[in-house]
Amino acid sequence: MKRQALQVFDHLPAPLDLREEVLKGLAQRQKTLPAKLFYDERGSRLFEAITALPEYYLTRTEIGLLRQHGGEIARIVGAGSVLLEYGAGASLKIRLLLEALRPDCYVPMDISREFLLAAAQRLLDDYDWLSIYAACVDYSQALSLPRQIEQAERKLGFFPGSSLGNFTPPEAQQFLQRVRQTLGRGSYFLLGVDLEKNAAVLEAAYNDQQGVTAAFNKNMLRHLNQTLGAGFDEQRFRHEARYNSEQSRIEMHLISEVDQVLNVGGRQIALRKGESIHTENSCKYHPDRLQQMAQTAGFDTRRIWTDERGYFALLLLQG
Ligand code: AVJ
């Protein structure tokens, strides 16, 4: 019989007021909506589809790096570790790392309890040697984890997918500082980040031929219609993703095709034809800049691996 190896830790902050947050973003001169609103169930499925697109090199490249260097990562970090993932391990990436590292305990941290538990259960079904401590937390905020985890001697934090790029650089700096605090001195942190490159390559990755990214972007409107009773009509918007070279980031926008007045959560919002709602930043970094930010946060860089094209980087940092 399989041993029961799942423990759950609930430490969610008070639910944020979605309506207030949305109305605040739409009241700004540049209207904005928070990128986390992409990820309802349909949005998560669309994101999965994005990761398989020919133009979206990020996921494929990072998986290649993990396949190539997982053994070395495991040798550096050593046996008997606790692996903490910022986000829940639904993907192939965490499986590659678990298989290479064989940690004593895996701690996925995610804000969505359902998603977290489903992902944990799938891993337990496949790895009978694994113990999982599922932490339902908002990792973008300051964290407190159970003492048995905080005091573990060998910790490896894992933050894949260039999710760091969704933060602005000052937010990313603050995030790294918090991670360093949570993991403590001597611990490792494995960070996967998309790098600066030719704008045409970047723009293609966010403007795929099949229109999956456009559907993903517009899904935010659908999600808001369902959760806030907002009156968005997807047909009256078009997807745009452009590279902002000054800020080294892909920006996704939804552009209004017509003059329109929307009812969002009981408030009237006017949009001019051609006006945009900014839905996402995806910041691209130079490896030197990442190292510098890591150092400011109290990490030393132990290794940096990139692919042959220099598209994506995995950094192994140590606190
Ligand atoms: C998972 C947030 C890193 O920014 O590339 C994919 C999300 N947006 N296509 C990214 C995304 C449009 C992705 N992140």
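Please read all numbers here as calculations on a predicted model, not as lab measurements. (Residues numbered from 1 in each chain as written. Predicted model: local features only at pLDDT ≥ 70, side-chain atom pairs only at ≥ 80, totals over all residues. Heavy atoms only, no water.)

**Comments concerning the confidence of the model for the protein**
Then, in step 1: Taken residue by residue, the protein gives an average pLDDT of 94. The fraction at 70 or more is 97%.
Then, in step 2: In the predicted complex, the global pTM is 0.95; the interface-specific ipTM is 0.99. (pLDDT = per-residue confidence, 0-100.)

**Here we look at the site of the ligand**
Then, in step 1: Around the ligand lies a shell of 13 residues, among which Y56, N166, Y206, E280 and S282 are the nearest.
Then, in step 2: Take Y56: an N or O atom from its side chain is 2.5 Å from an oxygen atom of the ligand.
Then, in step 3: Here E280 contributes a side-chain N or O atom positioned 2.7 Å from a nitrogen atom of the ligand.
Then, in step 4: Burial of the ligand by the protein amounts to 97% of the accessible area it has alone, namely 350 Å².
Then, in step 5: Going through the elements one at a time, helix 2 (41-51), helix 9 (212-228) and strand 12 (276-283) are the ones with two or more residues in the shell around the ligand.
Then, in step 6: Residue classes in the shell around the ligand are distributed as seven nonpolar, five polar and one charged. (Near = heavy atom within 4 Å. Polar contact = N/O pair within 3.5 Å; in protein donor to acceptor, adjacent residues only side chain to side chain. Areas by Shrake-Rupley, 256 points an atom, 1.4 Å probe, with all protein chains shown as cover. Helix = DSSP H or I, 4+ residues; strand = E, 2+ residues; numbered from the N terminus. Nonpolar A, V, L, I, M, F, W, Y, C, P; charged D, E, K, R; others polar.)

**Some words on helix 10 (residues 287-296)**
Then, in step 1: For helix 10, the full list of buried residues reads L290, M293 and A294. The arc enclosing the buried residues of helix 10, seen along the axis, measures out at 100°, which places them on a common side. For helix 10, the exposed residues set more than 90 degrees away from the buried face come down to D288, Q292, Q295 and T296.
Then, in step 2: Buried-residue contacts for helix 10 involve helix 7 (169-183), strand 7 (188-194) and strand 14 (312-318).
Then, in step 3: Backbone geometry just downstream of helix 10 places G298 in the positive-phi region, at approximately 95°. (Buried < 20%, exposed > 50% of the residue type's maximum accessible area, 1.4 Å probe, protein only. Arc of directions from axis to C-beta. Contact = heavy atoms within 4.5 Å.)

**So, unusual backbone geometry**
Then, in step 1: Even without being a glycine, R102 presents a positive backbone phi close to 45°.
Then, in step 2: By the secondary structure assignment, R102 is in the loop between helix 4 (92-101) and strand 4 (105-110).
Then, in step 3: Among the residues examined, R102 registers a relative accessible area of 48% and is labelled partly exposed.
Then, in step 4: Not every positive phi belongs to a glycine, and S248 is a case in point at roughly 50°.
Then, in step 5: Summarising the element assignment, S248 is placed in the loop between strand 8 (237-244) and strand 9 (249-256).
Then, in step 6: By relative accessible area, S248 is classed as buried at 15%.

**Observations regarding the pattern of salt bridges**
Then, in step 1: Throughout the structure, instances matching the rule amount to 17 salt bridges.
Then, in step 2: Note that R238 and E240 form a salt bridge whose closest N and O atoms lie 3.4 Å from each other.
Then, in step 3: Between E240 and R242 there is a salt bridge, with its nearest N and O atoms 2.4 Å apart.
Then, in step 4: Among the charged side chains, a network of salt bridges with common partners joins R238, E240, R242, R249, E251 and E257. (Salt bridge = Lys/Arg side-chain N within 4 Å of Asp/Glu carboxyl O.)

**Digging into the packing of aromatic side chains**
Then, in step 1: Evaluated as defined, the whole model comprises 20 aromatic pairs.
Then, in step 2: On the numbers, 4.7 Å between centres and 40° between planes, the contact of F159 with F175 is tilted. On the criterion of sequence distance, the pair formed by F159 in strand 6 (residues 155-159) and F175 in helix 7 is long-range, its members being 16 residues apart. For the pair F159 and F175, a shared accessibility class is recorded, and that class is buried.
Then, in step 3: With a centroid separation of 5.8 Å and an interplanar angle of 20°, the aromatic rings of F189 and F299 are classed as stacked. Taken together, the residues span a long stretch of sequence, with F189 in strand 7 and F299 in the loop between helix 10 and strand 13 (300-306) at a distance of 110 residues. One exposure class covers both F189 and F299, and it is buried.
Then, in step 4: Following the ring pairs from residue to residue traces out a cluster consisting of Y86, Y139, F159, F167, F175, F189 and F299. (Phe/Tyr/Trp six-rings, centres within 6.5 Å; stacked < 30°, edge-to-face > 60°.)

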